[in-house]
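Inside the fold
Listed below are the residues making up each chain.
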Amino acid sequence: MLSLKLPQLLRVHQLPRVFWEDGIMTGYRHPTNSALDCVLSSFQMTNETVNIWTHFLPTWYFLWRLLVLAGGLGFQAEPYHWPLLIFLLPTCLYPLVSCCAHTFSSMSARARHICYFLDYGALSLYSLGCAFAYAAYSMPVAWLHSRLHQLFVPAAVLNAFLCTSLSCYSRFLELESPRLSKLLRSAAFACPFLFDNLPLFYRLWLCWGRAASCGQEALSTSHSYHLLCAGLTGFLFASHLPERLAPGRFDYIGHSHQLLHVSAVLGTHFQLEAVLADMGGRRAWLAARDPPLGPGPTLATVGLAVTGNLLILAAFTAALLRAPRASSLLQEAPLEGGAKAKPQ
């Protein structure tokens, strides 16, 4: 009778240091799995399983939202809706790429780094999609047609390049300078977030204590939920709680990266609802003051951002492939005691 043998799980000290996660002691996959083993591991309870599914399932949810909105709004006929499309595409992309990164990151040390390079690139494009949507639908009254408004999306493109570059570079410092690596990666994600949300922070400041008379500057409750989820996501990323307080207790369910995935996806859901609220509620008002951009500048900007990010990813991947096998970044030392992992 045919039986399916799932890959054996390992403890942290049976792995090269490059595969270690703070506060996670057990449930690790073998560091040289085949692609098939990686796929099978997504149906086995490991310390990555919840990470995989908390981004795989939301991918289909956001894709469904994209298809429903595309069918109802008619993106091709209405230039006003194009920024929403540019926001929705990376919204579907980033959880899918993250799911694949977590699935295949145990094939080798090189594969692990390349998987997360791609993850960072997808997140940087998502930050650019947010900037497109906010520039089109969420700008404060006083900023319309200002220099800041005109430079908002070009600056977001530069932020996307900075995000990808800093986060990829931080992986080269993980073992030698872990604190600097964490600082650079945190800054890589914080800078685009803070910049993209400047219009919301300004509108929030204008409406503080006088929401009833705020008019077009009023923020929907979805904006507030999105910002709260984003703050929680950043806190979980930086703190590694709760597993840092009780190493080994949250290896399979409840560690910070799983909670981060959930809060990030919820934040993106609320962000989409907030963008739709601004797009619908401010449409007539914006149409009289801020005609939408034509397809030329929009497509050129998106093409530049995608091409630039691909070149950055290619450069870091090439540097990784040229790194000597003896580098600590690519350690694949024998398992503890020289034992080899066997299927269970």
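Our subject is the structure listed above.
A short tour of the structure in this document, coming up. (Residues numbered from 1 in each chain as written. Predicted model: local features only at pLDDT ≥ 70, side-chain atom pairs only at ≥ 80, totals over all residues. Heavy atoms only, no water.)

This part is about helix α8 (residues 221-239). Its 19 residues place the ends of α8 27 Å apart at the C-alpha level, agreeing with the 27 Å of an ideal helix rising 1.5 Å per residue. Within the span of α8, buried status applies to S222, H223, H226, L227, C229, T233, L236 and S239. In this structure, the buried residues of α8 make contact with α4 (109-137), α6 (178-196), α7 (198-207) and α9 (256-281). (Helix = DSSP H or I, 4+ residues; strand = E, 2+ residues; numbered from the N terminus. Expected span 1.5 Å × (residues − 1). Buried < 20%, exposed > 50% of the residue type's maximum accessible area, 1.4 Å probe, protein only. Contact = heavy atoms within 4.5 Å.)

Okay, the packing of helix α2 (residues 49-73) against α9 next. Running from amino to carboxyl end, α2 crosses α9 at an angle of 10°, the nearest separation of the two axes being 8 Å. Overall, the two elements α2 and α9 adopt an arrangement that is roughly parallel. Side by side, α2 and α9 meet where V50, N51, T54, H55, P58, Y61, F62, R65, L69 and L73 of the first sit next to H257, Q258, H261, V262, V265, T268, H269, L272, E273, L276 and M279 of the second. Per-class residue counts for the contact of α2 with α9 are 11 nonpolar, eight polar and two charged. (Axes fitted to C-alpha atoms, helices over the stretch in contact; angles between N-to-C directions. Parallel < 35°, antiparallel > 145°, perpendicular 65-115°, else oblique. Nonpolar A, V, L, I, M, F, W, Y, C, P; charged D, E, K, R; others polar.)

If you trace the backbone, G231 turns up in helix α8. Using a relative accessible area of 45% as the deciding quantity, one classes G231 as partly exposed. In sequence terms G231 and G267 are 36 residues apart; their C-alpha atoms lie 9.4 Å from each other.

What follows is about α6. If you check α6, its first and last C-alpha atoms are 28 Å apart, about what 19 residues at 1.5 Å a residue would give, namely 27 Å. Burial in α6 covers these residues: S181, L184, R185, A188, P192, F195 and D196. As for α6, its buried residues are in contact with α4, α5 (147-171), α7 and α8.

A full pass over the atoms with the stated rule returns 18 aromatic pairs. Seen from their ring centres, W53 and F56 are 5.4 Å apart, and the 85° between their planes marks the pair as edge-to-face. Of this pair, W53 and F56 are both found in helix α2, three residues apart, which corresponds to roughly one turn of the helix. Accessibility expressed as a relative area gives 28% for F56, which makes it partly exposed. Considering the side-chain rings of F189 and F237, the 6.1 Å spacing of their centres and the 90° angle between planes classify their relative orientation as edge-to-face. Here F237 lies in helix α8 and F189 lies in helix α6, a separation of 48 residues in the sequence. In this structure an aromatic cluster arises from ring pairing among F43, W53, F56 and W60. (Phe/Tyr/Trp six-rings, centres within 6.5 Å; stacked < 30°, edge-to-face > 60°.)

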